[in-house]
Structures are given as structure tokens and as C-alpha cells.
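Working through the structure, step by step
The lines below spell out each chain.
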Amino acid sequence: MGEIKLMKGNEAIAEAAIRVGCDAYFGYPITPQSEVMEYLAAEKPEERTGMVLLQAESEIGAINMIFGAASAGKKVMTSSSSPGISLMQECISYIAGAELPCVIVNVVRGGPGLGTIQPSQADYFQSVKGGGHGDYRLLVLAPDSVQEMSDHVKLGFDLAFKYRNPVMIQSDGVIGQMMEKVEFFDPIPRSTEIQPWATLGRKGMRKKNVITSLDLDPYQNEMHNHFLQEKYRKMEMDEVRFEEYNCEGKLDYLIVAYGCSARVSKKVIEYAKNEKGLNIGLLRPITLFPFPKLQIEKLSKNVKAILSVEMSAGQMIEDIKLTVGKGVRVEHYGRYGGVVHNPEDVWNGFKEIFLNE
Amino acid sequence: MTEELIIAGFGGQGVLSMGKILAYSGIMQDQEVSWMPAYGPEMRGGTANVTVIVSDQEISSPVLNRFDTAIILNQQSMDKFESAVKPGGTLIYDNNGILNHPTRKDIKIYCVEATDEANRMKSPRSFNMIVLGAYIKIKGFLKYENVISGLKKSLPERHHHTIPENEAGLKRGMDIVKEISI
Amino acid sequence: MESIDVSMDINEIIKPENLVYKKSSLFEEKPFSYCPGCGHGTIQRTLMEVVEEMGITEDVVGVAPVGCSVTMYEFLDIDMLQAPHGRAAAAATGLKRVLPDKYVFSYQGDGDFAAIGTGESIHTCNRGENILVIFVNNGIYGMTGGQMAPTSLINMKTSTTPYGRKQEQMGSPLKITELIAQLPGTYYVSRHAVHTPAGVRKLKKAIIKSFELQKENKGLCFIEVVSNCNSGWKMTPVKSNQWMEENMFPFYPLGDIKVDGKLVK
């Protein structure tokens, strides 16, 4: 049993980064995730583990520092919120193209533009469909609790190094700002392992290591793209993660929701049972990419309809529709632009959509 | 047992820290807890509220619109949250600055004159402890010693010298809270 | 004047005792992608000679920019990364912060360092990162086909200022080197050119000095090389070097600007 603390999601991210043996954090303040760097600074990570902490001049500076430090094969992490993540997208594409491991946290707020500092889930497209230029994928984790904010930092680094791929932890202002109990894993010493591909100085007879995403020859670049696509297919085979809630027995409806919306939906399931005797199951994707297609398809076969609940105008619903095809009715419900839907909002939305109330 | 609570007032009244002490007290009692603040641009004197849930079961939604209890510390919050108390629920308020008092007949209403009492005690900082004392007295599900341990956990070491003053506030709140009949 | 005996075999001419110049062993066999007459090859050759002679190959990591030198890692036999446009200084920061015992340099052109990357450039200098920045200023965007650079001179014709750079419209050429020399984070700032053997020797000394200072964690060392772009300037190599002397040097005068953390110019 690890140490139990009461903490904000943002603080849990930071504490987990120190415990996982992260070598460097580079970031730039933005609401609602500034507690990540503030917590790190207060903890003196340079004394606790020797971790480097640096406030960059911008999100662009921060992500490029990540690029440089990740090239050395180190465990590196940054965090930001939606507009800041948009600024990082160019370099995230480079990192994916150059196949560097790193963990990027997005505590999503409402957009578009400067939008609002209130919670949102409208960065699904940005996280899952690419975000930057070119054909690439991020492994996207969607924590729904402060506990998972910590757990996903550890999981994120494991996956990032397993696939040499950036991992995005897509959280939101609710999970970032709320406090819950969190049980931390025991600290892991910083790794001394040398990655064979890292740019550490060309030792002896070893061939030089070059970190680049450039292939001027389109045919070579196509080969590189083939290789990346194979890697993404392997992620789809091996790394799908999800939670099923109330999915045993005969279901009337299925809700698909992640992060904060999944938590809200659990309350809705209670309302539905108490008020209408309806049995609603919840499928919570824990990985947004790879998306839990098989499981959703399986559950879709025995329900009247599926409701996608997301604090957006309807982004994840596109993947659900692609998964289940035209035979199953799929609808979206979500408050957006920074408004957090409460359980009653969602329950009323459900009744309006499916029960014509 | 699940307690779904909102504390609402001005920034600077100790709304968030009160919620934090309650969350810690819940942990001391082996309960599940969540603490969800309404956050906004940094501004002194703006409105502040926090949703706290204490439960012996896994907590589903940290975001709520109906509450078992509302602790209300200014008029804006009264206007917004009186109607959000579940029928049969509890409303606790400080009457300082309240012009439109609560009117619902289907809930229990308590008043704690925390601002005045804190001034009488010459300890304005004890304000939120007086309110908290009123709450734990009325709801009764948190053991006093767990609240004290929760208080200790939520305060940084350098502020532990204020614990006796805080305890005095808690006890005063327990003594002076009174039910209002509509 | 004696005539050369052309009957000699090439192997008789190239004897170790006759050797006046050889390619650094840190160069790959791959031919440069730079236009004949361009300064990049000379600058990179000088850099590799220093790395080889100082015996620090195992401890050097370079950061390539976007621009004509984007593929410099293909020619140099050292560990390198290739950063997004303008961000080489930020990438070098990240690298150096996790590898404080290594020698880290970025190699950036005028568009990279002084236009798109100005924010990262200035803040990297201001933090006094212990890295070497080699800044190649040829007053034009070479790789994209000769467009205006932040350092293009007034009235200079480029493909985006076909009638010459007008100050009223495009502002003045940016003396970024003088600008960053003002920052406490920079320790050694010097401006060079490689169109003469004497210039190459001075550059070499400056690079050696910079790596030595980096070892002592003195702060950021910055070397500007004013260079030619005969293709972009639409001149022969010889003419471009002459034009550089006549037009670039008066505005970008060669020599040390900051030594031992103190402005000398």
C-alpha cells in the first residue's frame, strides 16, 4: 500500500512525475494547470531526485526543450492547457515523426480561441486525430480521477518508451482542479539506462545517432510513414484500455464517456434506474487512441441506442459512429464552451433525446 | 452514507479551506472524498464555492447541482444555492450581509452568526471555523477528533500554532448555531 | 616561375610530409548539398576540425536548424538532432539541461535564429545556457530561394523585395548579435567571416575558445559568421565575397563584441 494523500489532479500529476523518475519538466503557466509547475517548484525536485525543472519563455520554447531533452533518451514531461497545446502542435508532430518518447499533459479548457479557463473536452480531435501536420498518432490517456492522474503518468512513460512515441494525457479542468484521495506508487529511481538511439555524443566505434523527422526523398519518407503506421496498428492491437460500468446483464442503453463526463454519467445511470427503471451501461475509454472499438461494437449489439457524453459539440461521437456503423442509433449530449454538464443536465438530455420528454 | 455539500461565499472567507478540512476529516474517518472548487481568474473578493462529497462508497460525479447541505455565506450565494438544496436537506447560513433570508419550508434552516461572533472573539480568522463547528454539530456524522486531525492535516506545519485558536472557533460555532423556523 | 613537373604520380604528390590540408575524419563521404562557393561548408569544416583536434567527439551533440543546413547531420559524423524552424536554441537548452557535461552547439541561419526563432533565441541567451550558438548571417533566405531575411540590408534586392528592402515598409536589418551581447547571459560574442584563410583561422580560435568556456560553464557563447549566398544574391562566388566585404562588413563589422562577459565594442 502506497502513500495516501488528498490532492488536486494537477498536483498529483506533478508528484507522480517526481516519483516516476522523470528527468526533466519544461513548461509555461496557463490556467487551469499552473499547479503542476508550482507544485514541482515547491517540491525542489532538483534536490529530491535531481530532476530538471525549467519555466520556458513560451509553450513553443517548452515543447522544443522537450524535443531536445527527449533526444538524449531521458524521461521528459510538459503540461499545458488547450491554447498552449495548440502552440505546441508543430513540435509534437516533429517528436512523433522523430519517434521520441515523452509525456504531454493537456488539462483541457473551453475554446475556440482564448475561449475560457473553464473545463472542456473539446480537444478530442486535437489529441486523437493528429493536432499537428502529417500522418501521426499520439497514445492518448484520459484519466477520470485524481488517482488516474498519478497512475497515467507512470503508464504514460512506460508506453512512451515502449513505442518511442509521445503520450498525451488528456484531462480537463475538473479533474485538474478537484481534490481526491490518491494512493501513490513507490518512488522509482531515475533511470541510468542509455537508449541506443539517443544523442549523447558518438562513443567510440558506434555509428552516429541522428534525431530527425526529415526525409527529403518522398519514397524514403513514405517508407518511414509505413513504419509509423505499423506502429500505430500495433498500439491498436495491444494497448486498448477501458472501464465497463454497470454493463452486466440486459442493457437498455449504453453511454460512452471519458474523463469527467464518465464520472457525471455514473450518476445519470443511478437516476435512470431510480426514476425509469432503465438499465444503462457505461463504457469509459481510458485510451482515446487506441479507441476501444471492439468493446463498443460488442456492447452496441444489445442496446436500443448509444449516447456519447462529452463536454464538446460532439467529437468522440465520430469514432463511435465509425465503430458501430449505421445500424445503431448514436447520439451526442454535451454542454460545451467551458460549461460543465451536471448529472441533471445529462439526464434531461438523455430523456429528451431518447424518451421524447 | 453520502453527504453532498456546497460551501459558497466570497473569496477570502476561507470557503475552499473549510472544504479541505472537511475532506481531510472524511479521510480520517475512512470515507471517500472529493473537493471540487469553482475556479476563475485570480481576484480578491470574487465569489467562491466548493462542492465537497463525503461517502462510504465510491464517488461518481464530483460535479453536482443538488445538495444535501448548503453552507451559504453571502447574498449572491443565497440567491443561487437555496433552491439547490434537496427537499429534506439542510441550509446553514451566516446572517451577516443577508437581506433576503431563506424561505423554503421543505428544508431545515440553521443560522450561525459567525461574522459577529468572530468579531466578538477578536479573532476574525476564526470565522470559517465557527461556520465549520456549526456544520459538524448539525450534521453529526463527522467525529470531533477526526475533524481536529483533518484540520492538522490540512494546515502546513508552520501554521500549527493556530490550532488552539481554530479549535476555540469550532467549539463556539457548535454552541451558537440555532435552527430557524420559517 | 618554375614549371610543375606533371609527370609525377598523384601518390608522389600526396605524401604525409607534403600535406597542407586534409578533410576532417568527422566528415562523411557524402558530398555537401551547399552551392559551390557557399560559406557553410567552410564553417562546418572548421567546426569539425575543432571537435576532432580537441578530442571531444564523444561528448559533442549538435542541433541543426531549418534552412540550408537542415541536413548538416548527413555530412558530419557526430550525434545531432534537427530542430523545428527557429527552435534550435530551445532544443539545445533541453539537451544541455539533461546533459550538463556534454558540449552542445546549435547551428542556425538568420531566418532561423533572428526571425521565426527570435523568442527562443533571446531567452536562451538571457538564461545564459552553457551552449555555443553558431549564427550564419548571409542576409537572405537561401533554401527557399532568396527571399528577404531579417538581416537583409537596406535596398538589398531579394525575391520578396525585388525593388530592394525599404526601411519604411520592412524596418531595418536586425543586428541581433549586438542585441544579445547586451544580455548578462552571454559571455563571449564575436563576429567572423570565412572568405579568407585568415578569417577561417580566427573562426577556429573562436570556436575553440567557446568550447573551453562551455566546459567552465561560463554562459552562452555566440559566434556570428557573416557569409555569402552567391545563389541567392545572384552573383559569382568571387563577386559575392567582394560584395560581402563592401556591403555587409560596414553594417556587420567583424571582431569581438563581448569578451569575458564584458562588451568590448
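Quick caveat: nothing in here was measured; it's all calculated off a predicted structure.

1. Here we look at the overall build of chain A
Within chain A one finds 13 helices and 15 strands. Expected size for 357 residues packed as a compact globule is a radius of gyration near 21 Å; at 21 Å, chain A falls within 12% of this value. Along the three orthogonal principal directions, the C-alpha set of chain A runs to about 70 × 50 × 40 Å. Within chain A, buried positions represent 57% of all 357 residues. Looking at chain A alone, contacts between residues at least 24 apart form 79% of all its contacts between residues at least 6 apart.

2. A closer look at the overall build of chain C
From N to C terminus, chain C includes 10 helices and 10 strands. Taken against the 2.2 N^0.38 rule, which gives 18 Å for 265 residues, the C-alpha radius of gyration of chain C at 19 Å falls within 12% of a compact globule. Dimensions of chain C along its principal axes, counting C-alpha atoms only, are 60 × 50 × 35 Å. For chain C, with 265 residues in total, the buried portion stands at 50%. Considering only residue pairs separated by 6 or more positions, chain C has 67% of its internal contacts joining residues 24 or more positions apart.

3. Notes on helix α13 (residues 343–354) of chain A
Residues and elements named next belong to chain A. A rise of 1.5 Å per residue sets the reference length of α13, with its 12 residues, at 16 Å; its end C-alpha atoms lie 16 Å apart and thus fit the reference within 8%. Residues of α13 that are buried make contact with α10 (259–276), β14 (305–309) and β15 (329–333). Positive phi appears at Asn356, one or two residues downstream of α13, with a value of about 55°.

4. Points about the domain arrangement of chain A
Think of interface size as the accessible area that goes away when the parts come together; that is how it is often given. Residues and elements named next belong to chain A. On domain assignment, one finds that chain A holds domain 1 (3–205 + 208–238) and domain 2 (243–354). Once you take the C-alpha centre of each, domain 1 and domain 2 turn out to be 28 Å apart. At the level of secondary structure, the elements contributing two or more residues to the side of domain 1 that touches domain 2 comprise α6 (124–128), β6 (139–141), β7 (166–172), α8 (173–177) and α9 (218–238). The element that contributes the greatest number of residues to the side of domain 1 that touches domain 2 is α6, accounting for 4 residues. Of the residues that constitute the side of domain 1 that touches domain 2, the class distribution is 14 nonpolar, 9 polar and 5 charged.

5. Considering the sheet that holds strand β1 (residues 3–8) of chain A
What the 9 strands build is an open sheet, ordered β1(A)-β8(A)-β2(B)-β3(B)-β1(B)-β4(B)-β5(B)-β6(B)-β7(B); its pairing is mixed. Looking at strand neighbours, the two that pair on one side only are β1 of chain A together with β7 (178–180) of chain B, the edges of this open sheet. Strand-to-strand twist in this sheet, taken as the mean axis angle between neighbours without regard to direction, amounts to 25°. Of the pairings in the sheet, the one linking strand β1 (residues 2–10) of chain B to strand β4 (residues 67–72) of chain B comprises 4 bridges and is parallel in character. When the sheet's bridge partners are listed, Ile7(B) is paired in β4(B) with Ile71(B). Taken strand by strand, helix α1 (residues 9–19) of chain A contacts β1 and β8 (179–184) of chain A, and its axis lies near 135° from that of β1(A).

6. Overview of the pairing of β14(A)
Residues and elements named next belong to chain A. Burial analysis of β14 places 4 of its 5 residues in the buried class, the great majority of the element. With 5 bridges joining them, β14 and β15 adopt parallel strand pairing. By the bridge assignment for β15, Ala305 is matched with Arg329. Running through helix α12 (residues 316–324), the crossover from β14 to the neighbouring parallel element β15 is right-handed.

7. Focus on the interface of chain A and chain B
Facing 17 residues of chain A, the contacting portion of chain B comprises 17 residues. For the side of chain A that touches chain B, the element with the most residues is α10(A), which contributes 4 residues. Looking at side-chain class alone, the side of chain A that touches chain B contains 9 nonpolar, 2 polar and 6 charged residues. The sheet contact formed by β8(A) and strand β2 (residues 32–37) of chain B spans 2 bridges and is antiparallel. Within β2(B), the position partnered with Met179(A) by the bridge is Trp35(B).

8. Side note on unusual backbone geometry
The omega torsion across Gly111(A) and Pro112(A) is -5°, close enough to zero to call that bond cis. In this structure, Pro112(A) sits in the loop between β5 (102–108) and α6. Of the consecutive residues Phe289(A) and Pro290(A), the connecting peptide bond is found in the cis state with omega at -5°. Mapped onto the elements, Pro290(A) comes out in the loop between β13 (287–289) and α11 (293–300). Positive phi, normally seen in glycine, also occurs at Asn356(A), with a value near 55°. Residue position: Asn356(A) is located in the segment after α13. The exposure class assigned to Asn356(A) is exposed, which follows from the 6 C-beta atoms found within 10 Å. Of note, the phi angle at Lys122(B) is positive, near 55°, even though the residue is not glycine. Relative to the helices and strands, Lys122(B) is located in the loop between α3 (114–120) and α4 (127–139).

9. A short note on the interface of chain C and chain A
Taken together, the contact between chain C and chain A spans 31 residues of the former and 32 residues of the latter. Among the elements of the structure, β1 (60–64), β2 (79–82), α3 (88–98) and α5 (118–127) of chain C are those that each provide at least two residues to the side of chain C that touches chain A. Among the elements that make up the side of chain C that touches chain A, the one with the highest residue count is α3(C) (8 residues). Across the side of chain C that touches chain A, the residue classes break down as 16 nonpolar, 7 polar and 8 charged. Here strand β9 (residues 210–211) of chain A runs beside β2(C); their pairing, made up of 2 bridges, is parallel. Opposite Val210(A), over in β2(C), you have Met80(C) as the bridge partner.

10. Focus on the arrangement of the chains
For the 2 pairs of chains in contact, the maximum contact count is reached by chains A and C. When C-alpha atoms are compared, chain B and chain C, though not in contact, are closest at a spacing of 27 Å.

11. What to know about α4(B)
Residue and element names in this part refer to chain B. Along its 13 residues, α4 runs 19 Å from first to last C-alpha, staying within 8% of the 18 Å computed at 1.5 Å per residue. Here α4 lies mainly inside the structure; 11 of its 13 residues are buried. Those residues of α4 lying buried are Phe127, Asn128, Met129, Ile130, Val131, Leu132, Gly133, Ala134, Tyr135, Ile136 and Lys137. At the exit of α4 stands Gly140, carrying a positive phi of roughly 70°.

12. A short note on the sheet that holds strand β3 (residues 52–55) of chain A
Residues and elements named next belong to chain A. Read from one edge of the open sheet, 7 strands run β3-β2-β4-β5-β7-β6-β13, paired in mixed fashion. With partners counted over all chains shown, the strands left at the sheet margins are β3 and β13, one partner each. Sheet twist, expressed as the average angle between the axes of neighbouring strands with direction ignored, equals 20°. Judged from the 2 bridges that link them, β6 and β13 form a sheet pairing that is antiparallel. Each bridged residue has a counterpart across the sheet, and for Val140 the counterpart in β13 is Phe289. Where helix α5 (residues 82–97) meets the sheet, its contacts fall on β4 (76–80), β5 and β7, and the angle it forms with β5 comes to roughly 155°.

13. Regarding the environment of Val76(A)
Checked against the element boundaries, Val76(A) lands in strand β4. Sequence separation between Val76(A) and Asp23(A) is 53 residues, and the spatial gap between their C-alpha atoms is 5.8 Å.

14. A closer look at the pairing of β4(A)
Residue and element names in this part refer to chain A. Counting buried residues along β4, 5 of its 5 residues qualify, which places the element largely inside the surrounding structure. The alternating pattern of β4 places Val76, Thr78 and Ser80 and Met77 and Ser79 on opposite faces, both of which are buried. As paired elements, β4 and β5 share 4 bridges and run parallel to each other. When the sheet's bridge partners are listed, Ser80 is paired in β5 with Asn106. As a crossover connection, the stretch from β4 through α5 into β5 is right-handed.

About the cut-offs
Residues numbered from 1 in each chain as written. Chains lettered and ligands numbered in written order. Predicted model: local features only at pLDDT ≥ 70, side-chain atom pairs only at ≥ 80, totals over all residues. Helix = DSSP H or I, 4+ residues; strand = E, 2+ residues; numbered from the N terminus. Rg over C-alpha atoms; globule rule 2.2 N^0.38 Å. Buried ≥ 20, exposed ≤ 12 C-beta atoms within 10 Å, placed from the backbone. Contact = placed C-beta atoms within 7 Å. Expected span 1.5 Å × (residues − 1). Domains from an automatic or database assignment. Nonpolar A, V, L, I, M, F, W, Y, C, P; charged D, E, K, R; others polar. Pairing = 2+ DSSP bridges. Axes fitted to C-alpha atoms, helices over the stretch in contact; angles between N-to-C directions. Right-handed = clockwise from strand over helix to strand, strands pointing away.

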